[in-house]
Amino acid sequence: MAEIRDSVARRLTRDHARIVEYFAALIAEARTPRRTTAPEAIVAKLGQLVAERDAKVSDLATRYAVRVSLAPAAVVCATARTVNLTFRLRRRKAARDLVVRLPAGARSLDRPACDGCPATTARPALCDDRLHLLCEQCVPSAQGRPRCPACAQSR
Ligand SMILES: [Zn+2]
Ligand SMILES: [Zn+2]
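Numbers given to residues run from 1 along each chain, matching the order in which its sequence is written. Written order determines the labels here, with chains lettered from A and ligands numbered from 1. For a predicted model such as this one, the threshold for reporting local features is a pLDDT of at least 70, and the threshold for listing and counting side-chain atom pairs is 80 or more; totals across whole chains, interfaces and linings nevertheless cover every residue.

Moving on, we get to the overall build of the chain. What the chain contains, in helices and strands, is 3 helices and 4 strands. Counting from the N terminus, the helices are the DSSP runs of H or I reaching at least four residues and the strands are the DSSP runs of E reaching at least two. Along the chain, helices and strands appear, N-terminal first, in the series α-α-β-β-β-β-α. For 155 residues, the compact-globule estimate of 2.2 N^0.38 gives 15 Å, and the C-alpha radius of gyration of the chain, at 25 Å, exceeds that figure by more than 25%. Projecting the C-alpha coordinates of the chain onto the three principal axes gives extents of approximately 80 × 45 × 20 Å. Residue burial in the chain is summarised as follows: out of 155 residues, 9% are buried. Our contact criterion uses C-beta atoms placed from the backbone: two residues qualify when those atoms are within 7 Å. Across the chain, contacts joining residues at least 24 apart in sequence account for 28% of those joining residues at least 6 apart. Only C-alpha atoms enter the radius of gyration, while the globule expectation follows 2.2 Å times N to the 0.38, with N the number of residues. Buried, partly exposed and exposed are defined by the number of other C-beta atoms within 10 Å of a residue's own C-beta, namely 20 or more, between the two limits, and 12 or fewer respectively, with C-beta atoms placed from the backbone.

As structure tokens, then:
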């Protein structure tokens, strides 16, 4: 999903910039009309342009919303042995458990899910305040205090 989401986000940003630029040109033109125009007419025209621009910008959110639907294709019932490892994560006075799974036949542990984004991570970092587990993209540098997207969402 990440690739699709990024490409949609890029197109949204591009369209947003295009609309803002287009209306900025129209607004500049309306402010300094070539023919003599009554000031009230200029004000009315500007108001109309701003409203039109805002409507187009707010339409973007609906136009570029990503809708994901999942449908089960088949159901398979199987019993498999797994090893569940429980890690106790501590930071200052806070602690939380992290269960990591090693499925039968797998050569590495299942990567735990990031609390800040839809990714998974092999090298998790913890946020300072609530011990959210974060991926390398959410915490690109191990230096300093990480800005936690999971804490930001819950605020
Ligand atoms: Zn993340
Ligand atoms: Zn956090």
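It is worth spelling out the pairing of strand β2 (residues 94-103) at this point. Bridging between strand β1 (residues 82-91) and β2 involves 10 bridges; their strand directions are antiparallel. Bridging from a neighbouring strand, V83 pairs with L102 of β2. One requirement defines pairing of two strands: DSSP has to find at least two bridges between them. Counting the residues between successive antiparallel strands, the hairpin from β1 to β2 contains 2 residues, one of them, R92, with a positive phi of roughly 50°.

One less than the number of residues in a helix, times 1.5 Å, gives the span that helix is expected to have. With 25 residues, helix α2 (residues 39-63) ought to run about 36 Å at 1.5 Å a step, and its terminal C-alpha atoms sit 36 Å apart, in line with that. Counting buried positions along α2 gives 0 out of 25 residues, so the element sits mostly on the surface.

Glycine aside, residues mostly have negative phi, and peptide bonds are mostly found in the trans state. At R92, a residue that is not glycine, the phi angle is positive and equals roughly 50°. Relative to the helices and strands, R92 is located in the loop between β1 and β2. Exposure remark for R92: the 8 C-beta atoms within 10 Å place this residue in the exposed category. Positive phi outside glycine occurs at L131, with the angle close to 55°.

What follows concerns the environment of C117. Residue position: C117 is located in the loop between β2 and β3 (125-126). Assessed through the 17 C-beta atoms surrounding it within 10 Å, C117 is described here as partly exposed. As for C117 and Q137, which are separated by 20 residues in sequence, their C-alpha atoms are 8.8 Å apart. Setting aside residues no more than four positions away along its own chain, C117 makes contact with C135, Q137, C138 and P149.

The next point concerns the domain arrangement of the chain. Considered domain by domain, the chain is made up of domain 1 (2-63) and domain 2 (82-154). Domain start and stop points were drawn from an automatic or database domain assignment. A C-alpha centroid distance of 42 Å is found between domain 1 and domain 2.

Below, the discussion takes up the nonpolar core. Listed in full, the 8 residues of the largest apolar core are C114, L126, C127, L134, C135, C138, V139 and C148. Apart from the residues within four sequence positions on either side, C114 is in contact with A119, T120, T121, L133, L134, C135 and C138. The nonpolar core is taken to be a set of buried Ala, Val, Leu, Ile, Met, Phe, Trp, Tyr and Cys residues joined by way of C-beta atoms within 7 Å.

On a range of 0 to 100, pLDDT expresses the predictor's confidence in each residue. For the chain, per-residue confidence averages 90 on the pLDDT scale, and 100% of positions sit at 70 or higher. When pLDDT is averaged over each helix and strand of the chain, the minimum, 89, is found for helix α3 (residues 149-154) and the maximum, 94, for strand β4 (residues 133-134).

Right, let's get into the environment of V99. Relative to the assigned elements, V99 resides in strand β2. Taking C-alpha positions, V99 is 40 Å from L60, a pair spaced 39 residues apart along the chain. Setting aside its immediate chain neighbours within four residues, V99 contacts N84 and T86.

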